[in-house]
Amino acid sequence: GIPIGLALAIGATPRAALWIGHSEAINTVVLGFWPTGLGFTDPAGVIGLLALPVVLLAGIALRSRDAHRETVRLARTDVLTGLPNRDWLIQLGDAQRTKGTNLAVLVADVDRFKAIVEILGFQAADRVMLQVSHRLGSIPGVTLGKSQESHFCILWPDPLRLEGLRTDLERAFSQPIQVLDHWLDVSLSIGVAADTGHSVASLMRNAEVALDAAKKSKLNWLKYDAQLETSRPENLSMLSDLSVAIADNQFQLYLQPKVYIKDGTVHSAEALIRWCHPVKGMIAPSNFIPFAEQTGKIRAITLWVLQEAGKKQVAGLDER
């Protein structure tokens, strides 16, 4: 019997190619020169049979090439939007930089994306992503990619014109997006990195750091600054120390009275927090409050302050 691979190849080959040996044109040309002593009455048919393996191999090669191209495309792009993924966008950015182009990198996250998924479902969320990608891609000059589930990444070739890009982004999302039977006001939180001395990969990483800080601070636009870093060894140590400080009650609360100048009476008090670290001693709020805000620890600290202030107020009433 015919091998399975050959049978599949024959099935994938155009029928016209398989019947090439029966072409009247080939018979007419070849019959006049074919040596009759060989005993073949249909030389064109023989030529067709000899050409058949070549045609089959060519068909297989073309299909292999197309399959390889599709594999490469899928490895480089986002399945939903077809946009370049993180790795390919870095390559595109590096190619631009080799030509002397200074780049700014922006990472934009669709706000409340999880709520869209939970309330409207994945199909609606996919449509939101497609419309967001269309609006971002319509801004002149941007090279757009998609790096995570709800993250888009933008390469911008003019770091000195970031405010102009910011205006274009705000204009692009000034109107709601229609999804199924719903109109959604879609907004973006954006982290920006514009230090031209870094590689595209470093800029993208810094933009993600800025985006994370922007979302924690409920900002829609934040440029990267080294002070935003929370992954340095000393910051990791402070993050651990803060958790221990909350659990071990290392904070101290002081009430600073507010006095009326006219009659000298106290009408209220301002709560001031201090951190009495067992090793580092007294730490001022300016040295740990901003870090607590960036890392999300500020909520636990705020709760502790409210509880302590309530205790002091109750104690004051008892004394009366």
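(A) Looking closely at the overall build of the protein chain. The helix and strand tally for the protein chain stands at 12 helices and 10 strands. Within the protein chain, the proportion of its 320 residues that are buried is 32%. When contacts within the protein chain are restricted to residue pairs at least 6 apart in sequence, long-range pairs at least 24 apart make up 61% of them. Of the roughly 19,800 Å² of accessible surface on the protein chain, 58% is carried by carbon and sulfur atoms.

(B) Here's a closer look at helix H6 (residues 113–120). Considered for burial, the residues of H6 that qualify are Phe 113, Ile 116 and Val 117. Down the axis of H6, the smallest arc covering the buried residues is 95°, so these residues share one side. When the buried face of H6 is taken as reference, the exposed residues oriented beyond 90 degrees from it are Lys 114, Glu 118 and Ile 119. The elements touched by buried residues of H6 are strand E1 (104–110), helix H7 (122–137) and strand E5 (182–184).

(C) Fine view of the pattern of salt bridges. Applying the stated rule across the entire model yields nine salt bridges. A salt bridge links Asp 168 to Arg 171; its shortest N-O distance comes to 3.0 Å. Taken together, the residues Asp 168 and Arg 171, both in helix H8 (residues 162–172) and three residues apart, mark about one turn of the helix. Accessibility expressed as a relative area gives 53% for Arg 171, which makes it exposed. One continuous salt-bridge network, built from bridges that share partners, spans Asp 109, Asp 111 and Lys 215.

(D) Main features of the environment of Lys 258. With respect to the helices, strands and loops of the structure, Lys 258 is situated in strand E8 (residues 251–259). Accessibility expressed as a relative area gives 41% for Lys 258, which makes it partly exposed. For the pair formed by Lys 258 and Glu 270, sequence separation is 12 residues and the distance between their alpha carbons is 7.2 Å. With residues up to four places along the chain from it excluded, the contact list for Lys 258 reads Thr 265, Val 266, His 267, Ser 268, Ala 269 and Glu 270.

(E) How the structure looks around the layout of surface pockets. Approximately 210 Å³ is the volume found for the largest pocket. Around the largest pocket, the lining residues are Asp 111, Arg 166, Leu 169, Glu 170, Phe 173, Val 186, Ser 187, Leu 188, Ile 190, Asn 220 and Trp 221. Listing elements by their share of the lining of the largest pocket, those giving two or more residues are H8 and strand E6 (188–193). Residue contributions to the lining of the largest pocket peak at three residues, all from H8.

(F) Helix H9 (residues 200–216), seen in detail. The terminal C-alpha atoms of H9 lie 24 Å apart, and with 17 residues this matches the ideal 24 Å at 1.5 Å per residue to within 8%. Among the residues making up H9, those that are buried are Val 200, Leu 203, Met 204, Asn 206, Ala 207, Val 209, Ala 210, Leu 211, Ala 213 and Ala 214. Its buried side turned inward, H9 meets helix H5 (86–98), E1, strand E3 (151–156), E6 and strand E7 (221–223).

Conventions we followed
- Residues numbered from 1 in each chain as written.
- Predicted model: local features only at pLDDT ≥ 70, side-chain atom pairs only at ≥ 80, totals over all residues.
- Heavy atoms only, no water.
- Helix = DSSP H or I, 4+ residues; strand = E, 2+ residues; numbered from the N terminus.
- Buried < 20%, exposed > 50% of the residue type's maximum accessible area, 1.4 Å probe, protein only.
- Contact = heavy atoms within 4.5 Å.
- Areas by Shrake-Rupley, 256 points an atom, 1.4 Å probe, with all protein chains shown as cover.
- Arc of directions from axis to C-beta.
- Salt bridge = Lys/Arg side-chain N within 4 Å of Asp/Glu carboxyl O.
- 1 Å grid on protein atoms, 1.4 Å probe; cavity = no way out; pocket = protein on both sides within 12 Å on 5 of 7 lines; lining within 4 Å.
- Points joined across faces, edges and corners; volume = space filled by probe spheres on them.
- Expected span 1.5 Å × (residues − 1).

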